[in-house]
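Single-letter residue listing:
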Amino acid sequence: MLISQQLRKENIAEYVLYMWQIEDIIRAYDFDLSAIKRNYISRFELSDEQREEMTDWYGNLIRMMREEGVSKEGHIQINKIVVQQMAELHAQLLASTKFPFYNAEYYKVLPFIVELRNKGSKEINEIETCLNALYGVMMLRIQQKAISASTENAIKEITTFLGMLSDYYKKDKEEGLKFEDD
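Residues numbered from 1 in each chain as written. Predicted model: local features only at pLDDT ≥ 70, side-chain atom pairs only at ≥ 80, totals over all residues. Heavy atoms only, no water.

## A short note on the side chain of H90
Heads up, the condition is: Strands here mean DSSP runs of E at least two residues long; helices mean DSSP runs of H or I at least four residues long; both are numbered from the N terminus. Burial classification: accessible surface area is computed with a 1.4 Å probe over protein chains only, and a residue below 20% of its type maximum counts as buried, one above 50% as exposed, and the rest as partly exposed. Here a residue-residue contact requires only that any non-hydrogen atoms of the pair lie within 4.5 Å.
In this fold, H90 is placed in helix α5 (residues 77–95). On the accessibility criterion, H90 (6% relative accessible area) is buried. With sequence-adjacent residues up to four places away left out, H90 is seen in contact with Y102, Y106, E126, I127, F161 and L165.

Shown next as structure tokens:
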């Protein structure tokens, strides 16, 4: 909860990846809030008040996941909305002539996006495709599985691209971006 609040302010892509991981943690504990509290939340150095807030937060996420039917897979609506906002900002940045570095970075990553979409779902937007790639590699690293050099290269480029998008997202939320010449 505390991490998610900080990430949401600082780096929206990292926030989404973190929230997806939390969804998977909840699934791994089979939606058992007592087990999450006993075996997971207890690992953090928190005050009693913070521990209670975190337990409530997990309880709310469990409820949302059940109500929204994402017990086995998928993401809760609040996470989908953030990904959609990122995709909308991405489209605005590409459509504007004021962000040439973003456009250049996008075209560097585009071949990887095309390859990933050809292997996976074409139904999801490009930003979610990139996030899925990062999440997948993150899971491989946690499992200490080998990652090919070409995948490492693609992930490095995707990370740079999503980092740039996250920076623009933050700037847009704090100051507002101007997409047209004034």
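## Some points on the side chain of H75
Just so we agree on the cut-off: N or O atoms within 3.5 Å of each other form a polar contact, as long as, within protein, one can give a hydrogen and the other can take it, and as long as residues adjacent in sequence are counted only when both atoms are side-chain atoms.
Among the structural elements, H75 can be located in the loop between α4 (48–67) and α5. A polar contact of 3.3 Å, which involves the side chain of H75, links it to the side chain of W20. One polar contact links H75 to E23, side chain to side chain, over a distance of 2.5 Å. Once residues within four sequence positions are removed from consideration, H75 is found in contact with W20, E23, V70, K80 and E128.

## Side note on the packing of helix α1 (residues 2–10) against helix α2 (residues 12–28)
Test applied: Note on geometry: axes are lines fitted to C-alpha atoms, helical ones only across the stretch in contact, with angles between N-to-C directions running from 0 to 180 degrees. Should an angle fall under 35 degrees it is called roughly parallel, over 145 degrees roughly antiparallel, and 65 to 115 degrees roughly perpendicular, with every other angle called oblique. Note on residue classes: Ala, Val, Leu, Ile, Met, Phe, Trp, Tyr, Cys and Pro are nonpolar, Asp, Glu, Lys and Arg are charged, and everything else, Gly too, is polar.
In contact at an axis separation of 6 Å, α1 and α2 are set at 150° when each is read in the N-to-C sense. As summarised for this structure, α1 and α2 are arranged roughly antiparallel, according to the angle between their axes. Along its contact with α1, which presents I3, S4, L7, R8 and E10, the element α2 presents I12, E14, Y15, Y18 and M19. Its residues assigned to classes, the contact of α1 with α2 comprises six nonpolar, one polar and three charged.

## Section: helix α6 (residues 100–119)
Note the following rule: Each helix should span, by expectation, one fewer than its residue count multiplied by 1.5 Å. Each residue is assigned a bend, namely the angle between axes fitted to the seven residues that terminate at it and the seven residues that start at it.
With 20 residues, α6 should reach 28 Å at 1.5 Å per residue; the first-to-last C-alpha distance of 29 Å fits that figure. For α6, the principal kink sits at V109 and spans about 40°; a proline, P111, occurs within the next four residues. Elements in contact with the buried residues of α6: α5, α7 (126–142) and α8 (149–174).

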